[in-house]
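# Topology and contacts: notes
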2 protein chains.
Amino acid sequence: MSEQQATMRSVAVAAGVSMSTVSNVLSGRHEQMAVETRERVLAAVASLDYQPNHAARSLVTKRTATIGLIMSEVTNSLYPPVTVGAEAACRRSGYGLLLANADDADSERRGVDLMRAKRVDALVVFAVSLLDADNQHLYAAQAAGMPVVAINRHLPVDAPLSAVWFDHTSGGRIATQHLVDLGHRRIGHIAGPANRMTGVHRRQGYEAALTAAGIPRHPTLVAVGDYSFASGERLMLQLWRERPTAVFVAGDAMALGALRALSRLGVRVPDDLSLVAFGNPDLVRYATPAITTVDLPVAMAGRVAVELALRRMQRPEEKEVRLLDTSLLIRETTAPPRRGKGIGRG
Amino acid sequence: MSEQQATMRSVAVAAGVSMSTVSNVLSGRHEQMAVETRERVLAAVASLDYQPNHAARSLVTKRTATIGLIMSEVTNSLYPPVTVGAEAACRRSGYGLLLANADDADSERRGVDLMRAKRVDALVVFAVSLLDADNQHLYAAQAAGMPVVAINRHLPVDAPLSAVWFDHTSGGRIATQHLVDLGHRRIGHIAGPANRMTGVHRRQGYEAALTAAGIPRHPTLVAVGDYSFASGERLMLQLWRERPTAVFVAGDAMALGALRALSRLGVRVPDDLSLVAFGNPDLVRYATPAITTVDLPVAMAGRVAVELALRRMQRPEEKEVRLLDTSLLIRETTAPPRRGKGIGRG
DNA sequence: ATACGCTACTAAAGCGTTTTAGAAAGCATG
DNA sequence: CATGCTTTCTAAAACGCTTTAGTAGCGTAT
């Protein structure tokens, strides 16, 4: 019940050795050590149910065995898998995961402050890839000796941070290529916002695929959204007037919105229109019909980010940037175009 | 850049006072203190950009200003809002949030060990409400002086833990009542698993509402699922053979599955069948049609849980249990029953 | 015999706070 | 003039660990 927590001193006394010896046994440093002594110490540790005091240890080692995670946009569908992946990697390495959420640039900055105050060993920041994001506070943290790794953040090439980035361009190409392969030529695009690198890149992928297939780009077939359900719905309504036979929607929530619009319009998917989404498949796979998606390996991103952070702690000079591949998950919303005219009331 | 982190000693020197004075100023304890001295100290703090070392502080106060959060079932739709709510409450109180995920009873136990090793001040555990859950490790933590509050966990009344619980029974009643009010009499139920208190309670609510409305219970109108999309789909297919005019589905993922089944069957919602879901509305509101839901105030649960934890730290003897109300969000899947026969191929 | 090296351990300083006990200075009281 | 009371500040111990420098004991080379 309320027995005093065992301390290293009490373990030392119980084992009849000095504290230094206990410390050496537990850290496994000095290997010149009598087997009998080691065993006596371990027995004492076990019998007293000793657990080292992290605070005391941190005080001298100047490390906390904790990694900070700052998550932007908690409503983002990528939030859970990133967090889960990061936590798993932390746990595997014996690190704790300190979580902070951020709604905007300012709360992100406060989150970084918090992490610096708490002296986490490294920081992982998941971002919304804004083109004009301010990174100074991250650079400052990195310069102060706290490795920072950015996930999905738009960074200049010479930024001092390790980073994980998704191959949005290739993802956009794959999505569009899939539609081309099915025989579509009149392929629309509901794009991400122009101030987000993800939006820009996915669109570039879309355009590249069209060009590669010798399909002329048609500006009226592209509508720019903001990744929200509402924008997906609105823009699909608008885009349908152009009678595409397929649409590549650059976000998962927008794809759900598009589906709603199509349902209102009486357009059948995939019979009258094919649809490919982009993002976290968990969100769209349970729609009806199940939406074909380009999958962002988000849990992996969380995992890789903390691995990069851990590595940077060892070799602070070696910045690493990791590009993660996307993959196409074909489900029920894509099919060859129907011959003949489009239908619907639009 | 790499200037040494300021310590309390350097602040003291800069301000020309003792460390004790600096400490007193910062903690705001002693109020008998010359204004001029206080200002000198604060100026020194600011100019040196001093940040207290948490580890050193923890070592003497024996508190870490950190709360642990253990989340069961990361794929649960409640994961993000609970986490967000908890984090917000922590931040507001100047606490950090240490996150650990758990897939099963064993990893939950390891999570608790981790939290005890890290000496968090309190522990919040989000659970899956299993009827036969083992709580001994939680009781042990509480007994060891670390307040534990359980969210959505099935606990005996005399459990020593503070707890947050949703009113699943009332939620089930509200959902069913809504259907009754619309004029439905033949109301089916896709229930949660029998080994989860949530499932049992929601079903009891359903049955209570029927009884109150004088509608006889019909066993074939109830199917027991496991909260998965797949079970929702399968059971809806099965339940349709009984030709209900409305169904109360006890989970959000199951409701999505049910919608898929109905689409396959060619049953129109809500024209041919009304549907009410239960859980996190964020999951089902973007379905087409948008599903009427009984909303679990999950973010609030996370927030309240850490508030209870904080309070329990002050008054360890006062265990508190908080029951959170649910509310009905009416959307597009519920309507009065059609007169005449049911339709569909089923 | 002395110096040396090796093995297996230990003493003690130090990490950066909080907190307890108390000191110095000024002033009123008997 | 001694005493006591305030007010404002300080000295120093303590928290529980890691780590550096070093020692005791003993065998071996010179």
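Residues numbered from 1 in each chain as written. Chains lettered and ligands numbered in written order. Predicted model: local features only at pLDDT ≥ 70, side-chain atom pairs only at ≥ 80, totals over all residues. Heavy atoms only, no water.

## Observations concerning the protein's contact with DNA strand C
- Taken together, 27 residues lie around DNA strand C, and Thr21 and Thr37 of chain A together with Met8, Met19 and Ser23 of chain B are the ones closest in.
- For DNA strand C, the backbone makes up 61% of the atoms found within 4 Å of the protein, where backbone means sugar plus phosphate.
- At 2.4 Å, a side-chain N or O of Thr37 of chain A approaches a phosphate oxygen of DNA strand C.
- A distance of 3.2 Å separates a sugar or linking oxygen of DNA strand C from a polar side-chain atom of Lys62 of chain A.
- Mapped onto the surface near DNA strand C, the elements with two or more residues apiece are helix H2 (19-27) and helix H4 (54-61) of chain A together with helix H2 (19-27) and helix H4 (54-61) of chain B.
- By residue number, the principal contributor to the surface near DNA strand C is H4 of chain B, which donates five residues.
- Partitioned by chemical class, the residues of the surface near DNA strand C number 12 nonpolar, 12 polar and three charged. (Near = heavy atom within 4 Å. Polar contact = N/O pair within 3.5 Å; in protein donor to acceptor, adjacent residues only side chain to side chain. Helix = DSSP H or I, 4+ residues; strand = E, 2+ residues; numbered from the N terminus. Nonpolar A, V, L, I, M, F, W, Y, C, P; charged D, E, K, R; others polar.)

## Focus on helix H5 (residues 79-92) of chain A
All names here are of chain A.
- Here H5 spans 20 Å end to end across 14 residues, near enough to the 20 Å set by a 1.5 Å rise per residue.
- H5 sits mainly inside the fold: 10 of its 14 residues count as buried.
- Burial in H5 covers these residues: Tyr79, Pro80, Pro81, Val82, Thr83, Gly85, Ala86, Glu87, Ala89 and Cys90.
- Looking one or two residues beyond H5, the residue adopting positive phi is Gly94, at roughly 75°. (Expected span 1.5 Å × (residues − 1). Buried < 20%, exposed > 50% of the residue type's maximum accessible area, 1.4 Å probe, protein only.)

## Some thoughts on the domain arrangement of chain A
- Each assigned domain of chain A is listed here: domain 1 (3-59), domain 2 (62-167 + 297-325) and domain 3 (168-296).
- Just the C-alpha atoms count here: the centres of domain 1 of chain A and domain 2 of chain A sit 35 Å apart. (Domains from an automatic or database assignment.)

## So, the relation of the copies chain B and chain A
- Once turned by 180° and shifted 0.1 Å along the axis, chain B lies on chain A with an RMSD of 0.1 Å. Look at the turn and shift together and you get a two-fold axis relating the two.
- Most of the interface of chain B is mirrored in chain A, where 100% of its interface residues again form contacts. (Least-squares fit on C-alpha atoms with pLDDT ≥ 70 in both. Contact = heavy atoms within 4.5 Å.)

## Overview of the interface of chain B and chain A
- Taken together, the contacts link 48 residues of chain B with 48 residues of chain A.
- Taken together, both faces of the contact between chain B and chain A bury some 4000 Å²; the carbon and sulfur share is 55%.
- Across the contact surface, chain B and chain A share two salt bridges.
- Note that Arg264 of chain A is salt-bridged to Glu332 of chain B, the shortest N-O span being 3.3 Å.
- At the boundary of chain B with chain A, the tally comes to 22 residue pairs in polar contact (both at pLDDT 80 or more).
- Where the side of chain B that touches chain A is concerned, the elements lending two or more residues are H4, helix H5 (79-92), strand E2 (96-102), helix H6 (105-117) and helix H11 (252-265) of chain B.
- Residues that form the side of chain B that touches chain A fall into these classes: 23 nonpolar, 14 polar and 11 charged. (Buried area = accessible area lost by both parts, 1.4 Å probe. Salt bridge = Lys/Arg side-chain N within 4 Å of Asp/Glu carboxyl O.)

## Focus: the protein's contact with DNA strand D
- Taken together, 26 residues lie around DNA strand D, and Met8 and Tyr50 of chain A together with Thr21, Gln32 and Thr37 of chain B are the ones closest in.
- A breakdown of the atoms of DNA strand D within 4 Å of the protein gives sugar and phosphate a share of 62%.
- Thr7 of chain A is positioned such that a nitrogen or oxygen atom in its side chain is 3.1 Å from a phosphate oxygen of DNA strand D.
- Between DNA strand D and Lys62 of chain B there is a distance of 3.1 Å, counted from a sugar or linking oxygen to a side-chain nitrogen or oxygen.

## Looking at the packing of aromatic side chains
- A complete count under the given rule lists four aromatic pairs over all chains for this structure.
- Taking 4.3 Å as the distance between ring centres and 25° as the angle between the ring planes, the aromatic pair formed by Phe229 of chain A and Tyr286 of chain B counts as stacked. Of the two residues, Phe229 of chain A sits in helix H10 (residues 229-240) while Tyr286 of chain B sits in the loop between helix H12 (281-284) and strand E10 (292-295), which places them in two different chains.
- Relative accessible area serves as the criterion here: at 7%, Phe229 of chain A is assigned to the buried category.
- On the basis of relative accessible area, Tyr286 of chain B is assigned to the partly exposed category, the value being 30%.
- Look at Phe248 of chain A and Phe278 of chain A: their rings are 6.0 Å apart centre to centre, the planes differ by 45°, and that puts the pair in the tilted class. You can see Phe248 of chain A sitting in strand E8 (residues 246-249) and its partner Phe278 of chain A sitting in strand E9 (residues 274-279), a full 30 residues away along the chain.
- Overall, Phe248 of chain A belongs to the buried group, its relative accessible area being 0%.
- Classification of Phe278 of chain A as buried rests on a relative accessible area of 1%. (Phe/Tyr/Trp six-rings, centres within 6.5 Å; stacked < 30°, edge-to-face > 60°.)

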